Amino acid sequence: MGDDSAAGRCNISRIAYVHVPKSGGVSLFLSLDAAEVATCNHGTGLSGFAFRHARPCECTKAACMRSSRVAVMEQTHGWMRRRLFPTEGGGWGRCAVWMATVREPSEWFYSAVGQWCAGPWGRNQPPCQPRANVSTLLAFGFFGQGNQLQQGQEAEKGVPGGKRPG
């Protein structure tokens, strides 16, 4: 059978949350704050939100990560695993519960486009105009297939190297 000693048991009181953009991250952070759960954060772009108890600390700082019960990172599973469970010790021990939340694809897509259009890079671009559709997005190069239309508009607007939603 398995190792039933305290050192051999999995610490299921810790949650490693792989954050997928536009999938409820702000709600997650505010809920964790309301429950006063020690949380660390890395790579999520969390800013400008008022927390009642404590702002999440930075997961890449060892003391912060070790004291957190939940780690929320917009990183790959492998990247997070190497930080939370380093082979030389000093991390979370042996294991944690891994979680992620994903949205229905079309809802996620429209939310991402809407956020880009509301920001400084997309506000006045063709994909953000009232009659825009998927063809407009394709012609603009929204999906990473840059073209002359996009490059010319970026140069005109001073947008370096194709800033698109990430």
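K.L.:
I'd like to hear about helix H3 (residues 77-84), residue by residue, with values.
P.N.:
Among the residues making up H3, those that are buried are Gly78, Trp79, Met80 and Leu84. Lining the buried residues of H3 we find strand E1 (15-18), strand E2 (39-42), helix H2 (62-67), strand E4 (70-73) and strand E5 (97-100).

K.L.:
So, the state of the cysteines: which residues are in play, and what are the values?
P.N.:
By definition, a disulfide is the covalent link that joins the sulfur atoms of two cysteine residues. Taken as a whole, this structure holds 3 disulfides when the rule is applied. Through a disulfide, cysteine 57 is tied to cysteine 64; the S-S separation comes to 1.8 Å. Handedness here is read from the sign of the S-S torsion; for cysteine 57 and cysteine 64, about 85°, the answer is right-handed. Residue class for cysteine 64 comes out buried when judged on its relative accessible area of 10%.

K.L.:
Describe the nonpolar core, and please don't skip the residues or the numbers.
P.N.:
Counting residues in each nonpolar core, the largest one holds 14 residues, and the members touching the most others are Ala71, Met73, Met80, Leu84 and Trp92. Ranked by residues supplied to this core, first place goes to H3 with 3 residues. Among all residues touching alanine 71, those that are not within four sequence positions of it are Ile15, Ala16, Tyr17, Cys40, Cys59, Met80, Leu84 and Trp92. In terms of nonpolar packing, the next biggest core, distinct from the first, is built from 8 residues, Val113, Trp116, Cys117 and Leu137 among them.

K.L.:
Outline unusual backbone geometry, listing residues and values.
P.N.:
At glutamate 36, a position not held by glycine, the phi torsion is positive, near 55°. Among the secondary structure elements, glutamate 36 is positioned in the loop between helix H1 (25-34) and E2. Glutamate 36 gets classed as exposed once you look at its relative accessible area, which sits at 57%.

K.L.:
Any details on the sheet that holds E5? Residues and values, ideally.
P.N.:
Spatial strand order, E3-E2-E4-E1-E5: 5 strands in an open sheet with parallel pairing. Unpaired on one side and paired on the other, strand E3 (57-58) and E5 mark the two borders of the sheet. Along the sheet, H1 contacts E1, E2 and E4; its crossing angle with E4, the most-contacted strand, is approximately 160°.

K.L.:
Which residues make up the pairing of E4, and what values do they have?
P.N.:
Residues Val70 and Val72 line one face of E4 and the alternating positions Ala71 and Met73 line the opposite face, and both faces are buried. Summarising the sheet, E1 and E4 pair through 4 bridges and their orientation is parallel. Looking across to E4, one finds that alanine 16 is bridged to alanine 71. Both E2 and E4 contribute to a ladder of 4 bridges, which runs parallel. Bridge pairing in E4 links threonine 39 to valine 70.

Reading the values: rules and limits
Residues numbered from 1 in each chain as written. Predicted model: local features only at pLDDT ≥ 70, side-chain atom pairs only at ≥ 80, totals over all residues. Heavy atoms only, no water. Buried < 20%, exposed > 50% of the residue type's maximum accessible area, 1.4 Å probe, protein only. Helix = DSSP H or I, 4+ residues; strand = E, 2+ residues; numbered from the N terminus. Contact = heavy atoms within 4.5 Å. Disulfide = S-S within 2.5 Å. Core = buried A, V, L, I, M, F, W, Y, C linked by side-chain atoms within 4.5 Å. Pairing = 2+ DSSP bridges. Axes fitted to C-alpha atoms, helices over the stretch in contact; angles between N-to-C directions.

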